[in-house]
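What follows is the residue order along each chain.
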Amino acid sequence: MSIRKTGIGVGVASAVMSWTSAASALPYDYELGLQPAASPVMERIESFHQLLLYIIVAISLFVLALLVWIIIRYNRRSNPTPSRTQHNTLLEVAWTIIPVIILVIIAIPSFKLLYYESAIPKADVKLNAIGKQWFWTYQYPADGNFQFDSLGLSDDAAKAAGEPRLLGVDNVIVVPVNKVIEVVVTGADVIHSWALPEMGVKMDAVPGRLNHTWFKATRTGTFYGECSELCGAKHAFMPIEVKVVTDTEYAAWLAKAKKKYAAIDHANITQLAAQ
Ligand SMILES: [Cu+2]
């Protein structure tokens, strides 16, 4: 489903498009557009974004052409006695109906995309992400029943680990490639937001609510995100780092992680919930 290929060819739009399709996972100087998609949801978001760009460029060029035409044709020199027309029913109906049609054209793919994002396919891996001031706690409730805290690295630690500044974390999330990862997001203190741009995920972490979202990474690699809801003084220091690996690498990591990290204390959680 690539709207890019429908060929509503606008020269300026194509130039803008070509800037947007860089393959780097990290932001770079003079970057335009969205980060390259690494999940079906993000591919659809990008596709929708392209459609909007075509529409925006077309409307802007149309308005610019109207302005130029009026400046040239109806200035005082070329049009010394102006018309006293105040209403034109046909024109007024047209400039009401045409925007409505454009909005309907935008609404159809928009609702399709919203539904696609919210209808979570059958999960292969379940991940709980709990936002805290100012780090994330992750749980793997189905694959091994363990949890760990993931803290952003200091500048020095990031440099030493070869991680990007304010994006690297001490304990990364590891997930298998081409598998549906269902993420349950919640907050332990204030509202945070678990966001992973290349996967098209941004879900609020609200205390007392379990918000469900999902992603399916289409390629292996390291992906970065940030807390995207202003949550206090160190809001900028609780990044998200996800390593997407093959199935065998995931199995090997799981075996190690189960030993390394603490088990989720279900009994304690139930007790706390009952109080
Ligand atoms: Cu936060």
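Preceding this section is the structure that the text describes.
A few points on the structure.

Definitions and cut-offs
Residues numbered from 1 in each chain as written. Predicted model: local features only at pLDDT ≥ 70, side-chain atom pairs only at ≥ 80, totals over all residues. Heavy atoms only, no water. Axes fitted to C-alpha atoms, helices over the stretch in contact; angles between N-to-C directions. Helix = DSSP H or I, 4+ residues; strand = E, 2+ residues; numbered from the N terminus. Parallel < 35°, antiparallel > 145°, perpendicular 65-115°, else oblique. Contact = heavy atoms within 4.5 Å. Nonpolar A, V, L, I, M, F, W, Y, C, P; charged D, E, K, R; others polar. Core = buried A, V, L, I, M, F, W, Y, C linked by side-chain atoms within 4.5 Å. Buried < 20%, exposed > 50% of the residue type's maximum accessible area, 1.4 Å probe, protein only. 1 Å grid on protein atoms, 1.4 Å probe; cavity = no way out; pocket = protein on both sides within 12 Å on 5 of 7 lines; lining within 4 Å. Points joined across faces, edges and corners; volume = space filled by probe spheres on them. Domains from an automatic or database assignment.

**Things to note about the packing of helix H2 (residues 40-73) against helix H3 (residues 89-118)**
Look at H2 against H3: their axes get within 10 Å of each other, and the N-to-C directions meet at 170°. When the axis of H2 is compared with that of H3, the two are roughly antiparallel. Of H3, the residues touching H2 (which contributes Pro40, Val41, Arg44, Ile45, Phe48, Leu51, Leu52, Ile55 and Ile59) are Ile102, Ile106, Pro109, Ser110, Leu113, Tyr116 and Glu117. The residue makeup of the contact of H2 with H3, split by class, is 13 nonpolar, one polar and two charged.

**A short note on the nonpolar core**
The biggest cluster of nonpolar side chains holds 39 residues, and the ones touching the most others in it are Tyr140, Trp194, Phe215 and Trp253. Tyrosine 140 has contacts with Val125, Lys126, Leu127, Asn145, Phe146, Phe148, Ile173, Val174, Val175, Tyr250, Trp253 and Ile264, leaving out every residue within four places of it along the chain. Phe48, Ile55, Ile106 and Leu113 belong to the second-largest nonpolar core, a separate cluster that totals five residues.

**Brief notes about the layout of surface pockets**
Considered as a void within the structure, the largest pocket measures approximately 440 Å³ in volume. Surrounding the largest pocket, 25 residues form its lining, Leu196, Pro197, Glu198, Val201 and Lys202 being those nearest its centre. Counting only elements with at least two residues in the lining of the largest pocket, the list comes to H2, H3, strand E6 (192-196), strand E7 (201-205) and strand E9 (221-226). When the residues that make up the lining of the largest pocket are grouped by side-chain class, the tally is 15 nonpolar, five polar and five charged. When residues are assigned to domains, the lining of the largest pocket turns out to be shared by domain 1 (3-118) and domain 2 (125-274), each giving three or more.

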